[in-house]
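Overview (structure and organization)
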Amino acid sequence: MELATHLAELLRDPSRVITHHSVVERLSRDFYWYSPVLRPLLDGKCADVAVQPVSAEEICAVLRLCYALEVPVTVRGAGTGNYGQAVPLHGGVVLDVARMDQIETITDYGVAICQPGVRLGVLETTARESGWELRCYPSTIVKATVGGFLGGGSGGIGSVAHGGLRDFNTVRAFEAITMESEPRILMHEGEDVHGILHAWGTNSVMTRIWLALTPAVEWAQCAVCFPNFDAAFDFGTAVATNPEWTKRLVTAFEWPIPSFFSPVRSITREGATSVFLLIANSQSEQLKSFAVASEGEVTFCAPYAGLRSSPLLSDYTWNHTTLWAMKTDPAWTYLQCGFDTNPARAREQLELLKHRFGDDFLHHIEWMKNGAGTVFASAIPVVRFRTPEYLNEMIETCRVNGVFVANPHVNYVEGGGRYRADNVQLQAKYLYDPKGLLNPGKMATFHRTEEHSTEESLA
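Keep in mind that what you see is a predicted model, and the values were worked out from it rather than measured.

Cut-offs and rules
Residues numbered from 1 in each chain as written. Predicted model: local features only at pLDDT ≥ 70, side-chain atom pairs only at ≥ 80, totals over all residues. Heavy atoms only, no water. Phe/Tyr/Trp six-rings, centres within 6.5 Å; stacked < 30°, edge-to-face > 60°. Helix = DSSP H or I, 4+ residues; strand = E, 2+ residues; numbered from the N terminus. Buried < 20%, exposed > 50% of the residue type's maximum accessible area, 1.4 Å probe, protein only. Lys NZ or Arg CZ within 6 Å of the ring centre and 35° of its normal. Disulfide = S-S within 2.5 Å. Pairing = 2+ DSSP bridges. Contact = heavy atoms within 4.5 Å. Axes fitted to C-alpha atoms, helices over the stretch in contact; angles between N-to-C directions. Core = buried A, V, L, I, M, F, W, Y, C linked by side-chain atoms within 4.5 Å.

Looking now at the packing of aromatic side chains. The geometry of an aromatic ring pair is captured by two quantities: the separation of the ring centres and the angle between the planes. Applying the stated criterion across every chain yields a total of 19 aromatic pairs. Where Trp 33 meets Tyr 34, the ring centres are 5.2 Å apart and the plane angle is 55°; that geometry is what we call tilted. Arranged with centres 5.1 Å apart and planes meeting at 50°, the rings of Phe 261 and Tyr 316 form a pair that is tilted. Of this pair, Phe 261 sits in the loop between strand 12 (247-253) and strand 13 (273-280) while Tyr 316 sits in the loop between strand 14 (297-303) and helix 10 (320-328), placing them 55 residues apart in sequence. Considered together, Phe 261 and Tyr 316 belong to a single accessibility category, that of buried residues. Grouped by ring-pair contacts, the aromatic residues Phe 253, Phe 261, Phe 276, Tyr 316 and Trp 324 constitute a single cluster. The ring of Trp 332 has Arg 384 sitting right over it, with the charged end atom 4.2 Å from the ring centre. A cation sits over an aromatic face here: Lys 435 above Tyr 67, 4.1 Å from the ring centre.

In structure tokens, the structure reads:
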């Protein structure tokens, strides 16, 4: 393949240009199959070649060549995303940054400076050695990369205390490379980061990241079972919203979701709603007392020993919950919702959805903090897929009743609900990828104009 030959000339080690079809095919996939809508759309999509750079200089060389030849480039972290962000729609090159995995430093003031291919689990472990830890991370922490999380993620474990990636200056800065005839390495700081965050690699390639951490806490993992969802919701809300509790995770699962967690069935109870928590170990006895006073049964509570803990309760939270459901029945899929910040109104919304869809809409609550500092019930409900029309009815019913939905069943940035209303991601694409060669097809509002300059396109 001529393209592969040209690419091999740009890298110090030609073996980092991959043409073997099965490997390229694997590197062209992510977990889009969580969605029964995306699966038929993205099955079989594959790059022509994969490249594994080890430096910003090599990335610049690859982008310079691909720009000249008008070859699409799709950036890949670890492929743990669920929306097809890393699936190339138009062939070309998969730019796999997994080998760019160096942690440069953990500063004394709690900022990690690292490359995009660093695994979040490695960063968490390394940070804790210096008295720090991640502010938030996905349930895929062991495999997910920092760059992939910034490019396609939004929040996770820790968000109940620290919000999402866009909040509270968690992403301090990063360097990113443009897709131009002569690629530029640009520094983005402060508000400028939001043009590139959660843009799926459609407008730049991140190469160096400054990520704010938080002081490490000695945690305890706890599981509490409640006779009904209402009691569990009240308990979860009380812990999540009260600043006196030091917490990293507060999650509630309506029955039968806990029955899907086969490795930890012993800490669930038949017919009961389960609440999983990461709470400061110093508060674990206080939490046990509060749980019992709230009609709960504490079925597990032990000091958290890090990512090698057994059981690791975070493996059943956030979008891992959906994975356990799908292992039980492949008809299950999910939505991403945000309920009213008023708990009473949120309860009304939850009841309305249960009344309308019954056991086709199973409540899975993840409490988190928004950018204004308010803790509220976000959710990744487990929903039964019957037809696309039925799924869309669920989404519309949510929205009509004031429930925010980030739709995980579309394959473009604007449709997923995390798009910036001020269009900074689109503006960045016009500025830094004028030919639309970075992950083409994933930013639906971008239109390449051959006859106009970049500046005219922005006007």
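Attention now goes to the state of the cysteines. If you walk through the whole model with that rule in mind, you get 1 disulfide. Each sulfur of the disulfide joining Cys 222 and Cys 301 lies 2.3 Å from the other. With a gap of 79 residues between them, Cys 222 in strand 11 (residues 219-226) and Cys 301 in strand 14 connect regions that are remote in the sequence. Judged by relative accessible area, Cys 301 falls into the partly exposed class, the value being 23%. Cys 114 provides the cysteine sulfur closest to Cys 136, a residue in no disulfide bond, and the two sulfurs are 13 Å apart. In this structure Cys 225 is not part of a disulfide, and its nearest cysteine sulfur, from Cys 222, lies 12 Å away. For Cys 225, a relative accessible area of 4% translates into the label buried.

Moving on, we come to the sheet that holds strand 17 (residues 361-362). A sheet is described by the order of its strands in space; here 3 strands give the open sequence 15-20-17, paired in antiparallel fashion. Single-partner strands in this sheet number two, and they are strand 15 (332-334) and strand 17. Taken together, the 2 bridges between strand 17 and strand 20 (residues 382-384) define a ladder with antiparallel strand orientation. Looking at strand 20, one finds that Phe 361 is bridged to Val 383. Those strands touched by helix 10 are strand 15 and strand 20, and its axis lies near 165° from that of strand 15.

With that settled, consider the nonpolar core. One finds Leu 123, Leu 134, Val 146, Leu 150, Phe 174 and Leu 211 to be the most contacted residues of the largest nonpolar core, which totals 48 residues. Elements with a contribution of two residues or more to this core: strand 6 (111-114), helix 5 (120-129), strand 7 (132-134), helix 6 (146-152), strand 8 (171-177), strand 10 (205-215), helix 10 and helix 13 (424-432). The element that contributes the greatest number of residues to this core is strand 10, accounting for 4 residues. Sequence-distant contacts of Leu 211, that is, excluding residues within four places in its chain, are made with Gly 110, Val 111, Ala 112, Leu 123, Leu 134, Val 146, Leu 150, Thr 170 and Val 171.

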